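Residues per chain are reported as follows:
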Amino acid sequence: RLPAGGSDLSNPPLCTPPPVPSPPGAGGVLGPPTTVSANGCRILTGSWFSPYDATTWTSASRLDIDHMVPLKEAWLSGASSWSADRRKSFANDMGWKGSLIAVSASSNRSKGDKDPARWMPPNTSYWCTYLFDWVDVKYRWSLSVDPTEKQAISKDLASCPDDGFALAPLAP
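So, here is what we can say about the structure in this document.

A word on the overall build of the protein
Summing up its helical and strand segments, the protein has five helices and six strands in all. Across the protein, helices and strands are ordered from the amino to the carboxyl terminus as β-β-β-β-β-α-α-β-α-α-α. Burial statistics for the protein: of 172 residues in total, 42% are counted as buried. Across the protein, contacts joining residues at least 24 apart in sequence account for 67% of those joining residues at least 6 apart.

Remarks on empty space enclosed by the protein
Applying the stated rule across the entire model yields one cavity of 30 Å³ or more. In this structure, the largest cavity is lined by His67, Met68, Val69, Phe90, Asp93, Ser99, Val137 and Trp141. Residues that form the lining of the largest cavity fall into these classes: five nonpolar, two polar and one charged.

Observations regarding the state of the cysteines
The full count for this structure, using the stated rule, is one disulfide. One disulfide bridge connects Cys128 with Cys160, the sulfur atoms lying 2.1 Å from each other. The sign of the S-S torsion, about -95°, decides the handedness of the disulfide formed by Cys128 and Cys160: left-handed. With Cys128 in helix H4 (residues 127-140) and Cys160 in the segment after helix H5 (147-157), the pair connects residues that are 32 residues apart, well separated along the chain. Assessed through its relative accessible area of 12%, Cys160 is described here as buried.

Notes on the packing of aromatic side chains
Considering all chains together, one arrives at eight aromatic pairs under this definition. Ring centres of Tyr52 and Tyr126 lie 6.0 Å apart, and the angle between their planes is 50°; on these two criteria the pair is classed as tilted. Placement of Tyr52 in the loop between strand E3 (43-50) and strand E4 (55-59) and of Tyr126 in the loop between helix H3 (105-111) and H4 is noted, with a sequence separation of 74 residues between them. Its relative accessible area of 0% is what places Tyr52 among the buried residues. Among the residues examined, Tyr126 registers a relative accessible area of 6% and is labelled buried. Judged by centre distance (5.6 Å) and plane angle (40°), the ring pair of Trp82 and Trp141 falls under tilted.

Concerning the nonpolar core
In this structure, Tyr52, Val69, Phe90, Tyr130, Val137, Trp141 and Leu143 are the most contacted members of the largest nonpolar core, which totals 24 residues. Those elements that place two or more of their residues in this core are helix H1 (71-76), helix H2 (84-91), strand E6 (100-104) and H4. The leading source of residues in this core is H4, at four residues. Once you skip the residues sitting within four places of it in the chain, Tyr130 turns out to touch Tyr52, Met68, Lys111, Pro116, Trp119, Met120 and Pro121. Counting residues in hydrophobic clusters, the runner-up holds five residues, among them Ile43, Trp57, Leu63 and Ala102.

Criteria and cut-off values
- Every chain begins its residue count from 1, and numbering advances along the sequence as written.
- Side-chain atom pairs in this predicted model are given and counted only at pLDDT of 80 or more, local residue features only at pLDDT of at least 70, and totals for whole chains, interfaces and linings cover all residues.
- Heavy atoms throughout the structure, all of them, feed into the side-chain values; hydrogens and water do not.
- A run of H or I in DSSP becomes a helix once it reaches four residues, and a run of E becomes a strand once it reaches two; helices and strands are each numbered from the N terminus.
- Residue burial is assigned from relative accessible area. The probe radius is 1.4 Å, only protein chains are included, and a residue is buried under 20% of its type maximum, exposed over 50%, and partly exposed in between.
- Residue contacts follow a heavy-atom distance rule, with two residues in contact if any of their heavy atoms lie within 4.5 Å.
- In the cavity and pocket records, a cavity denotes points on a 1 Å grid over the protein atoms alone where a 1.4 Å probe fits but cannot get out, a pocket denotes an open set with protein on both sides within 12 Å along at least 5 of 7 lines, and lining residues are residues with an atom within 4 Å of a point.
- Grid points are joined across faces, edges and corners, and a volume is the space filled by probe spheres set on the points.
- Residue classes follow a fixed rule: Ala, Val, Leu, Ile, Met, Phe, Trp, Tyr, Cys and Pro count as nonpolar, while Asp, Glu, Lys and Arg count as charged, and any other residue, Gly among them, counts as polar.
- Any two cysteine sulfur atoms within 2.5 Å of one another count as a disulfide.
- Pairing of aromatic rings covers Phe, Tyr and the six-membered ring of Trp, with a centre-to-centre limit of 6.5 Å; geometry is then stacked below 30 degrees between planes, edge-to-face above 60, and tilted otherwise.
- The criterion is simple. A nonpolar core is a set of buried Ala, Val, Leu, Ile, Met, Phe, Trp, Tyr and Cys residues joined through side-chain atoms within 4.5 Å.

These results come straight from atomic positions and should not be treated as a statement about function.
In structure tokens, the structure reads:
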């Protein structure tokens, strides 16, 4: 059961500085931001690639920072038993590159709180990376995987190249 008003996995009292720019094609900032807010908490301008739908944006307002494993999915997969501090750490996990990703707002809204059994990015060339990152976040935070989710992930991963996938480090 989610707490009243939704999940309490986020809403930190202080901002987290924006992510370090990522390489082209990985999702996120393509080049150094040209303008950052005075407190350093918002990137105002730059160029971003959204791997979910293979689009490039120059307006930060057209992007969302997506939790690879949505907050509600995390709650239902074990985060409901965590302390408030651990839930905040999950919601703001900048310790591993696949936890948070800049994507187009429209693709993030389409994904919502769905797992890979119910939603995959429209950009099919990103599916393997998406699934590897999903599995990594679930592993990193010791979150459970339901049978339908596991079946969908296993089916789609079967067509992915075996290029030395290594699991993410466990969260502190």
